[in-house]
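Breakdown of the fold
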Amino acid sequence: MINIKKIIVHILDTNTGIPVLSDSELVLDDDIIEFVLTHVEKIMSDSDLRSASLTEESCDIIDWCLKLKDNNEMFIDITNDIARELYQLMLKHVDIPAGDIIFVLLEEDEQQYLCLLKLTYSDSYIHYVQQNGDKNINTIIKQKTALPNINQKINEAFIINLNNMEIKIREKEFEIDGVKENYMSKYFLKCETVLSDKEKIALLNKTSKKFVKKYYDDDVSKIMEVKKIVVENIDDEDNVNIEKVAMKIFKGDEELKQSYITELENKGLKEDNIVIDEEKKEKVFGKQKIVTDTGVEIKLPYDYINNTDKIEFINNVDGTISILIKDVNKLSGK
């Protein structure tokens, strides 16, 4: 269970030229706790979340975190220092969007965490009542510093475990010196990140399709076979074991198997296993989409893959392929 201990908000609006830093923590009423806790929980369970490790260049953030761990009463001063540092980076690189930042000191399972949520501004419209003599004029005005609501996704956040300095980060690329980069990890925290679970799964899918296209003439049945092998591996072990999957896909072709694994490693997937829970498995591997060159799209449930009792691909003598879908009781249009 997450226990929120302290919350503070700092305003980093680069249009004003100076940060507006708070001298006091927020009073923890029910509305504030609900808003912050909802966003913290979403971030902590986000499949886009990357793990990161601090480097020798991360000395500032390490120093702040160690001080906060030893003395929680320094929360205001330390978050002010962090906010100033981030604001200077935002002023230097104008493509980083303005926003408010919420710092949260929290506890979970006897571990202390410092969480930063960056709430990027967006435009919104509200009604406004103007007075003209004894008459009311109802109008609509634009607000340019609206914050994300409780149901919207926050694109930039990090959580640091103050006990062991482990970092989880969700970030977005912005232009830095003409190149789109993840400024939060590279230039602010100065930490090294690894791929998120979502990125690992996407890379696995992309690389598998690339190899099927190159070495198996883009055979759709081979693509479905690869997906079946991956899902069966998840069912057996609750994760994807890269070595075992590659071995089954390439069936004894050691050179091709090693080439596949090497490509994944070169793209950043260096772990032996990818942990995939039931929800991710269903979302990513639950259906297989087939698109013909004539514009027909077919979405197949996972259990149809390589099941000739359900679907059959017939190679015709003229080089075309016929698709036979079996045991259908009813058709409906959607």
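Residues numbered from 1 in each chain as written. Predicted model: local features only at pLDDT ≥ 70, side-chain atom pairs only at ≥ 80, totals over all residues. Heavy atoms only, no water.

**Overview of the nonpolar core**
Nonpolar side chains in soluble globular proteins tend to end up buried together. Judged by nonpolar contacts, the single largest core of 35 residues is most densely connected at Leu12, Ile82, Phe103, Phe158, Tyr183, Phe188 and Leu189. If you tally residues by element for this core, the top one is helix α3 (residues 75–92), at eight residues. Counting residues in hydrophobic clusters, the runner-up holds 24 residues, among them Leu195, Ile234, Ile242 and Ala246. (Core = buried A, V, L, I, M, F, W, Y, C linked by side-chain atoms within 4.5 Å. Buried < 20%, exposed > 50% of the residue type's maximum accessible area, 1.4 Å probe, protein only. Helix = DSSP H or I, 4+ residues; strand = E, 2+ residues; numbered from the N terminus.)

**Some thoughts on the packing of helix α7 (residues 242–250) against helix α8 (residues 254–266)**
Helix packing for two helices is described by the angle between their axes and how far apart those axes are. Running from N to C, α7 and α8 cross one another at 140°; their axes reach a closest spacing of 9 Å. Taken together, the axes of α7 and α8 lie oblique to each other. Relative to α8, α7 is oriented so that their crossing is right-handed. Between α7 and α8, the contacting residues are Ile242, Glu243, Ala246, Met247, Ile249 and Phe250 on the first element and Leu256, Lys257, Tyr260, Ile261 and Leu264 on the second. Tallied by class, residues from the contact of α7 with α8 come to nine nonpolar, no polar and two charged. (Axes fitted to C-alpha atoms, helices over the stretch in contact; angles between N-to-C directions. Parallel < 35°, antiparallel > 145°, perpendicular 65-115°, else oblique. Left-handed = near helix turned anticlockwise from the far one by under 90°. Contact = heavy atoms within 4.5 Å. Nonpolar A, V, L, I, M, F, W, Y, C, P; charged D, E, K, R; others polar.)

**Remarks on the state of the cysteines**
Here the structure, examined in full by the defined rule, presents zero disulfides. Looking at the unpaired Cys59, the closest cysteine sulfur is the one in Cys65, lying at 12 Å. Cys65 supplies the cysteine sulfur nearest to Cys115, a cysteine that is in no disulfide, at a spacing of 12 Å. The exposure class assigned to Cys115 is buried, which follows from its relative accessible area of 0%. (Disulfide = S-S within 2.5 Å.)

**Section: the packing of aromatic side chains**
Each pair of aromatic rings is reported with the distance of its centres and the angle of its planes. The full count for this structure, using the stated rule, is five aromatic pairs. Ring centres of Phe211 and Phe250 lie 6.0 Å apart, and the angle between their planes is 55°; this geometry places the pair in the tilted category. Separated by 39 residues along the polypeptide, Phe211 in helix α5 (residues 197–215) and Phe250 in helix α7 bring together distant segments of the chain. Residue classification places Phe250 among the buried positions, given a relative accessible area of 5%. (Phe/Tyr/Trp six-rings, centres within 6.5 Å; stacked < 30°, edge-to-face > 60°.)

**Re the sheet that holds strand β11 (residues 191–193)**
Two pairing modes exist for strands in a sheet, parallel and antiparallel, and in both the strands are linked by backbone hydrogen bonds. With respect to topology, seven strands assemble into an open sheet ordered β1-β3-β4-β7-β8-β2-β11, the strand pairing being antiparallel. Bordering the open sheet on either side are β1 (3–12) and β11, each of which pairs with just one other strand. Within this sheet the neighbouring strands show an average axis-to-axis angle of 20°, counted without direction. Taken together, the six bridges between strand β4 (residues 111–120) and strand β7 (residues 156–161) define a ladder with antiparallel strand orientation. Residue pairing across strands places Cys115 opposite Ile159, the latter belonging to β7. Relative to the sheet, helix α1 (residues 30–44) contacts β1, β3 (99–108), β4, β7 and β8 (167–170), its axis offset from that of β3 by approximately 80°. (Pairing = 2+ DSSP bridges.)

**What to know about the side chain of Glu156**
If you trace the backbone, Glu156 turns up in strand β7. With a relative accessible area of 1%, Glu156 lands in the buried category. Here Tyr183 takes part through its side chain, which lies 2.4 Å from a polar atom of the side chain of Glu156. Apart from residues lying up to four places away in sequence, Glu156 is in contact with Pro97, Leu116, Leu117, Lys118, Thr120, Arg170, Glu171, Lys172, Phe174, Tyr183 and Met184. (Polar contact = N/O pair within 3.5 Å; in protein donor to acceptor, adjacent residues only side chain to side chain.)

**Things to note about the pairing of strand β5 (residues 122–132)**
Examined bridge by bridge, β5 and strand β6 (residues 135–146) share ten bridges and lie antiparallel to one another. Pairing of Tyr128 across the sheet is with Thr139, part of β6. Counting the residues in the hairpin turn of β5 and β6 gives two residues, including Gly133, whose phi is positive at 65°.

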